[in-house]
Amino acid sequence: MARCSQRLGRPTIQTLPWLVLVLGLGLTGVVCEGQRRQGRAEHERIERDLADDITSAIEAKFTSTQAVLAAVVGLFQSSAAVEATEFNRFYRSLSLSPSTLSGVQGVGYSAVIPPGGIPAFEAQARREGLTDFQVRPAGRRPLTSAILFLEPLDWRNQRAIGFDMYSEPTRREAMQWAASTGGPALTGPVKLMQEAGKRVQPGTLLYLPVYRQEPRSEADRLRHLEGWAYAPLRMEDLLQATLAAIRNPVLARSAVLIFDGSKPLASALLFDSQKVHGTSRLQHPTWQSLRVVNRDWLIGIQLPPDQISPNGVSSSLLIRGLVGLAISLAAALGLRTLVDSQLTLQRALQMADRASREQALATTVFENSPVAIVVTDANGFVLASNEAFTEISGYSRQMVHGRKTNLLKSGQHDEAFYRDLWDSVIQQGHWHGEIWNRHRNGQLRRHELSINAVLDNHLQITNFVGMLRDITERHEEQEAVRYQATHDYLTGLPNRALLMEQLAQALAMARRHQHQVAVMFMDINGFKPVNDTLGHGVGDQLLQLVATRLREKLRESDILCRQGGDEFVLLIPEAPELTQLVTLAQTLRDRVGQPYPDLPESVAVSLSIGIARWPDHALDADGLLVAADRAMYKAKHEADGFIDVATELPLPPA
């Protein structure tokens, strides 16, 4: 009987190693499949993050380029006529970093030529220094344009001077779009006139319309169209410079393709960072659409071969599979009495190893992140910070530990700002925005800040996590471009666009508080002879000195603007009585009429001034400016004086 039991028991004992092997292989398969899915999700996350970085960089690049063109439009709107030397001085006056114009072949202006006006237009351009200027191609067209200015005027850009871009269908489509909408427009792929070598890059052009006066409708836009501010873009240079600003370690070895339109056609290819289009190396790109100005672009991203593949397979996954197989074989060949204990120990070791790796990974990410990270408790006291936070704030970890983050407080925001910030964090769990902080050395820095609340199982806040990026240089560059678009480059005074904005605000406040608003139109008598006889340099210096003398006699609340040429406009938001306005006008005229020691003795000028006051002489902003302008011209032609007041509005019928 015992012998029979022994025979029955042997097969069960002999199959135990095989059962252990099957279980081990199954467990390895489950773990590897889990890692494969995690790898696939990680692959998608890396591509998504890279696509977001590229999209943001492209949008920022085109935003800064549009701002430069807006400054060009402001130049033409603030001046009655712009000459080549003035455009060159304007271009050199733009306070931009080299990265802003990287890839931008130039900044220029293309003018609309009146019907039959080509000979006169060519003659005028040649008189202004463009000796070989000629409109091309020849022939009659419904609308003719010509590139008049293009800076920097190097050998490439000189090839484009005189070209009628409106004669070419792809360019014409974008120019018509800009002219009819009043906004920016981008062309499809074209060959730029500047391309002369064997290595021809795909190009596009960005346009912004220039009008003789502010249009009120689409018909007005086409009727008042004067030309286009534009920028030719060499796409490979532009996009290489744009991608160079992205701090993503995967980008350098990834393939990035950009097409104009919604399909990856060879004829629409704008950019191919690794030259993989049309080859077997392009295997598994991820596509994402992007709206750039008025066009749709298609972005393709393919990660490098040593990254996780799209299906989640990686070298670590293969190693994990081999390790699982080896452990399963070792367990199967072990002592039958230790099978259960070995399997239990294996599971425990795997769990501990996974937890240790996850903790090590989290620590590595925290310490090496380029983003400044600070962790506080629920009361705002700092528990931990990384090296990037030390660099961005100037405070070491020892200095900041245990203190509140308000040690970065800049004094630039009021208490309501911080109250709203923390209300958002506590009520919504997060806050994102821009903030001024003070570095330990006392310097003010502009930061992009994200704050997130960490909750426990009972939905109570246990910690706050703050992440900061320094965007000071980008903020300063945007402010400089915005200033150029709203101020006269020669005198530094507000231009007509900013004048209209300030006048509208002043009238709104006057209607609310029942006080008067005054406008003085001022024209320099004798300025043209100075320009004609002594040159534009002396004329420009005279305009600057006149602006300085006028500002010396004005209140801080008064707004002095340069209308264009030798005309100035003074806006007085809270105007006194007319007699006081006339007294102020006489004071300004006396000051401007005094000699100018820094200029030749022959320089002698005076002012003609027209005064209009709301609501006595007009009921809106345009009417007030027209009334003051007419009064100025009346004063200019009167024999006994140089100051005049606008005609009173007729009283309404009883």
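Right above here is the structure, for reference.
What comes next concerns the included structure. Keep in mind the model is a prediction, meaning the values are calculated, not measured.

Before going further, it helps to examine the overall build of the chain. When helices and strands are counted, the chain shows 18 helices and 19 strands. Within the chain, the fraction of its 654 residues that count as buried is 44%. Long-range contacts, defined as pairs at least 24 residues apart, comprise 62% of the intrachain contacts of the chain with a sequence gap of at least 6. About 34800 Å² of surface is accessible on the chain, with carbon and sulfur atoms providing 55% of the total.

Buried residues of helix α15 (residues 527–534): Phe527, Val530 and Asn531, and no others. Viewed end-on, α15 has its buried residues packed into an arc of 95°, placing them on one side of the element. Projecting away from the buried face of α15 at angles above 90 degrees are the exposed residues Lys528, Asp532 and Thr533. Where α15 is buried, its residues contact β15 (517–525) and α16 (536–552). Gly535 sits one or two positions beyond α15 and adopts a positive phi of about 100°.

In terms of nonpolar packing, the biggest core is built from 76 residues, with Ile54, Ile58 and Trp297 touching the most fellow members. Looking at this core element by element, the count peaks at 14 residues for helix α1 (residues 2–78). Among the nonpolar cores identified, the runner-up in size contains 32 residues, and Val538, Ile572, Leu584 and Val592 belong to it.

Inspection of the entire model under this criterion finds 23 salt bridges. Residues Arg234 and Asp237 are paired through a salt bridge, measuring 3.3 Å at the closest nitrogen-oxygen approach. You can call Asp237 partly exposed: its relative accessible area is 31%. Glu415 serves as the salt-bridge partner of Lys409, at 3.0 Å between the closest nitrogen and oxygen.

Moving on, we get to the environment of Asp164. By the element assignment, Asp164 lies in the loop between α4 (155–158) and α5 (169–181). For Asp164, the contacting residues outside a window of four places in its chain are Arg136, Pro137, Arg141, Leu143, Thr144, Ser145 and Ala146.

Per the stated rule, a full pass over the model turns up 15 aromatic pairs. Their ring planes at 80° and their centres at 5.7 Å tell us that Phe62 and Trp297 sit as a pair that is edge-to-face. Placement of the pair is Phe62 in helix α1 and Trp297 in strand β9 (residues 295–302), with a sequence separation of 235 residues. Judged by its relative accessible area of 1%, Trp297 falls in the buried class. Ring centres 5.9 Å apart and planes at 50° place the aromatic pair Phe121 and Phe133 in the tilted group. Taken as a pair, Phe121 in helix α3 (residues 118–127) and Phe133 in the loop between α3 and β2 (144–151) lie far apart in primary sequence, 12 residues in all. Assigned by exposure class, Phe121 and Phe133 land together as buried. Pairwise contacts between aromatic rings join Phe76, Phe87, Phe90, Tyr109, Phe149 and Tyr489 into one cluster. A cation over a ring is seen here: Lys409 above Tyr418, with NZ or CZ 4.9 Å from the ring centre.

Rules behind the numbers
Here, residues in each chain are numbered from 1, in the same order as that chain's written sequence. Confidence filtering applies because this is a predicted model: local features only for residues at pLDDT of at least 70, side-chain atom pairs given and counted only at 80 or more, and all residues used for totals across whole chains, interfaces and linings. Water and hydrogen atoms were dropped before computing side-chain values, which therefore reflect all heavy atoms in the structure. Helix numbering and strand numbering both begin at the N terminus, where a helix is a DSSP run of H or I of at least 4 residues and a strand a DSSP run of E of at least 2. The rule is simple: take the accessible area with a 1.4 Å probe, protein chains only, and divide by the maximum for that residue type; under 20% is buried, over 50% is exposed, in between is partly exposed. Whether two residues are in contact is decided by their heavy atoms, any of which lying within 4.5 Å being enough. Only the protein chains shown count as covering a residue, and every accessible area follows the Shrake-Rupley method with a 1.4 Å probe. Note that the arc is computed from the directions linking the helix axis to the C-beta atoms. Definition of nonpolar core: a set of buried residues of the types Ala, Val, Leu, Ile, Met, Phe, Trp, Tyr and Cys, connected through side-chain atoms within 4.5 Å. Just to be clear on terms, a salt bridge is a Lys or Arg side-chain nitrogen sitting within 4 Å of an Asp or Glu carboxyl oxygen. Pairing of aromatic rings covers Phe, Tyr and Trp, the last through its six-membered ring, and needs centres within 6.5 Å; plane angles under 30 degrees mean stacked, over 60 mean edge-to-face, and all others mean tilted. To sit over a ring, a charge needs its Lys NZ or Arg CZ within 6 Å of the ring centre and within 35 degrees of the ring normal.

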